[in-house]
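Listed below, chain by chain, are the residues.
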Amino acid sequence: MKLSELQATLDELDATPTRSLGQNFLHDRNLAEWIVSRLEIAQGERWLEIGPGLGALTSIASEQSENGVLIEKDDRLIEFLRGRYPQLEVVHGDACRFDTRDLMAGGPLKVLGNLPYYVSSQILFNFTSDASPATALLFTLQKELAERIAAGPGGKEYGAPTVLIGRRWRVEMLRTLPPSVFLPVPKVDSAVVLLTPRPAGELTPCDGARFTTLVKLGFSQRRKQLGKLLAPALPQWAQAAEAIGIPVTSRAEALSLEQWCKLAAWKPDTGETDPSSNAQDVHGEIFDVVDEHDNVTGQASRFEVHQQHLRHRAIHIFVLNKHGELFLQKRSQWKDVCPQLWDSSAAGHVNAGRGYDETAARELEEELGVSASVQPVTRIAPCVETGFEFVGLYQAQHDGPFHLPPAEIECGEWFTTAQVAEWTAARPSDFAPGFLKCWQIWNTTRRD
Ligand code: SAM
């Protein structure tokens, strides 16, 4: 949109740009084309724009794919956007509060926006969370924020946001934009950044909740040494620092992303810093083999039961919080079965000589790092979906937070049961088949 067109549209809508909504409209068509082209939206590909305003980026993105969603907070612009882009879904809402979990049922999508600067950080964190299906994010930000999230260790820009976002996303600073390309002209420079998922295995995997705790504590007072700041969560700091190879006098900004990950993965008892190294330590496992009535008839190794489709036993646990939301885990990339698919809150095999109930209690502790009363729901007969397992399905109530073993679980999130229903129906291939079976049966047993 040219400057004159933009001004005319604002007059037509009787809409003066509002500072409280961070409204600075882009009026350079070439620049808008360049920005959108960085996202490489393919024909039919799903995309979402935050704060479309008068459509500077929207008009270009919608030429590339009509499969787009717009989230705009300004009620004065909603009818205009719906009229101009009838092929797109226009959501009238606040992108900071937007529930990204609702997007899971639609599958992967690319996100873009010239963000309102007053809430850029909140929007950035919301759309890069574990419960967001974004596969790339292209944002125009205030230059200082862009520099902060793209920074390397050692400088004053490198901070908690850099490290928290950097664990899962590569951040590339593409270019800066002068204030003059916007109406009204902002007082600050802007910069365009591209976030793409960090390839699996690039950094030492670690429990996300522990990582966040350590990073927030570590950067809470930048001038203090980490030993003091991390003490509440990591009393064995000196031992950990030595294992990772960093000076005990280090401050937060001196640690690289990889060192932060190693710190979060470090365990005092084992000195372990790389959980992926023992991720597949499952080969020695022996399970009871059972008949069609679930009576034990023998024993076999994990490999044998899976390869020969022998009936064996497992448990699945559905953990619900006080709001009735279900916690789902995303299986890690190292799982031998169904890697990176979404699964029950916790699940595992019943080892030889062990019972269902004790296994359920143990799995809750091992996979989620908590103990809670675990109630049996039902027993599911072996079938292809359960991998020929008799499944003891259990339910527990807990509000988290959980500590997830990174070798087993990539991440986890709470979802409303309505979201799970919609998502499983739309995209069953996102889920481990065993979970889908449990979900189907669990729904038939629910009385509420
Ligand atoms: N994309 C347009 C462009 O490049 O010309 C507008 C960019 S302007 C910097 C930011 C836009 O975000 C405005 O349209 C504003 O109304 C919208 N906005 C402000 N706060 C928002 C929020 N919390 N959620 C969604 N949109 C918001």
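For the structure itself, look to the data block above.
Rules used in this analysis
Residues numbered from 1 in each chain as written. Predicted model: local features only at pLDDT ≥ 70, side-chain atom pairs only at ≥ 80, totals over all residues. Heavy atoms only, no water. Helix = DSSP H or I, 4+ residues; strand = E, 2+ residues; numbered from the N terminus. Rg over C-alpha atoms; globule rule 2.2 N^0.38 Å. Buried < 20%, exposed > 50% of the residue type's maximum accessible area, 1.4 Å probe, protein only. Phe/Tyr/Trp six-rings, centres within 6.5 Å; stacked < 30°, edge-to-face > 60°. Lys NZ or Arg CZ within 6 Å of the ring centre and 35° of its normal. Pairing = 2+ DSSP bridges. Axes fitted to C-alpha atoms, helices over the stretch in contact; angles between N-to-C directions. Contact = heavy atoms within 4.5 Å. Near = heavy atom within 4 Å. Polar contact = N/O pair within 3.5 Å; in protein donor to acceptor, adjacent residues only side chain to side chain. Areas by Shrake-Rupley, 256 points an atom, 1.4 Å probe, with all protein chains shown as cover. 1 Å grid on protein atoms, 1.4 Å probe; cavity = no way out; pocket = protein on both sides within 12 Å on 5 of 7 lines; lining within 4 Å. Sits in = over half its atoms within 2 Å of the grid points. Nonpolar A, V, L, I, M, F, W, Y, C, P; charged D, E, K, R; others polar. Points joined across faces, edges and corners; volume = space filled by probe spheres on them. Core = buried A, V, L, I, M, F, W, Y, C linked by side-chain atoms within 4.5 Å.

Notes on the overall build of the protein
The secondary structure content of the protein amounts to 15 helices and 18 strands. The C-alpha atoms of the protein give a radius of gyration of 25 Å, which matches the 22 Å a tight globule of 448 residues would have. Along the three orthogonal principal directions, the C-alpha set of the protein runs to about 80 × 55 × 35 Å. Scored against the burial criterion, the 448 residues of the protein give a buried share of 50%.

Describing the packing of aromatic side chains
Applying the stated criterion across every chain yields a total of 15 aromatic pairs. Seen in terms of ring centroids, phenylalanine 435 and tryptophan 439 are 6.2 Å apart; in terms of plane orientation they differ by 25°. Their pairing is stacked. One end of the pair is phenylalanine 435 and the other is tryptophan 439, both in helix 15 (residues 433–445) and four residues apart, which spans about a single turn. Each member of the pair, phenylalanine 435 together with tryptophan 439, is buried. Put simply, the rings of Phe318, Trp342, Phe415, Trp423, Phe431, Phe435, Trp439 and Trp442 pair up and form one aromatic cluster. For the cation-ring pair, arginine 379 lies above tyrosine 356, with the distance from its terminal atom to the ring centre recorded as 3.7 Å.

Re the sheet that holds strand 9 (residues 190–197)
The strand order across the open sheet built from seven strands is 4-3-2-5-6-9-7, with neighbouring strands paired in mixed fashion. Either end of the sheet is taken by a strand with one partner, and the two such strands are strand 4 (89–92) and strand 7 (169–177). Averaged over all pairs of adjacent strands, the angle between their axes in this sheet comes to 15°, without regard to strand direction. Packing against the sheet, helix 5 (residues 120–127) makes contact with strand 2 (47–50), strand 3 (68–72), strand 5 (109–114), strand 6 (134–142) and strand 9, and its axis sits at approximately 175° to strand 6. On top of the sheet, helix 6 (residues 143–150) reaches strand 6, strand 7 and strand 9; it is set at about 135° to strand 6, its chief contact.

Let's talk about the site of the ligand
In the vicinity of the ligand there are 22 residues, among which Gln23, Leu26, Gly51, Glu72 and Asn114 approach most closely. Interatomic distance of 2.6 Å between a side-chain N/O atom of asparagine 114 and an oxygen atom of the ligand. Burial of the ligand by the surrounding chains reaches 99%, relative to a free accessible area of 590 Å². Given that more than half its atoms are within 2 Å of the pocket grid, the ligand belongs to the largest cavity. Where the shell around the ligand is concerned, the elements lending two or more residues are strand 1 (25–26) and strand 3. Of the residues contributing to the shell around the ligand, the split by class is 10 nonpolar, seven polar and five charged.

Re the layout of surface pockets
Each pocket or cavity is described by its volume, and for the second largest pocket that value is around 850 Å³. For the second largest pocket, the lining is made up of 37 residues, of which Arg168, Lys330, Gln340, Glu410 and Cys411 are closest to its centre. Secondary-structure elements contributing two or more residues to the lining of the second largest pocket are strand 6 and strand 18 (409–415). With three residues, the top contributor of residues to the lining of the second largest pocket is strand 18. Here the lining of the second largest pocket is built from residues that sort into 19 nonpolar, nine polar and nine charged.

Quick notes on the nonpolar core
By size, the foremost hydrophobic cluster in this structure holds 36 residues, and its most contacted members are Leu26 and Leu54. The set of elements that each furnish at least two residues to this core consists of helix 1 (3–12), strand 1, helix 2 (29–37), helix 3 (58–64), helix 4 (75–84), strand 6, strand 8 (182–183) and strand 9. Setting aside anything within four residues of it in sequence, one finds leucine 54 in contact with Met1, Leu6, Thr9, Leu10, Leu13, Phe25, Leu77, Phe80 and Tyr85. Among the nonpolar cores identified, the runner-up in size contains 28 residues, and Val69, Ala95, Leu115 and Phe139 belong to it.

Remarks on the side chain of threonine 128
With respect to the helices, strands and loops of the structure, threonine 128 is situated in the loop between helix 5 and strand 6. Threonine 128 has contacts with Leu137, Arg168, Trp169 and Leu195, leaving out every residue within four places of it along the chain.

Focus on the environment of glutamine 7
In this structure, glutamine 7 sits in helix 1. Of the residues examined, glutamine 7 reaches a relative accessible area of 36% and is grouped as partly exposed. For the pair glutamine 7 and leucine 31, spaced 24 residues apart in sequence, the C-alpha separation works out to 18 Å.

None of this, on its own, says anything about what the molecule does.
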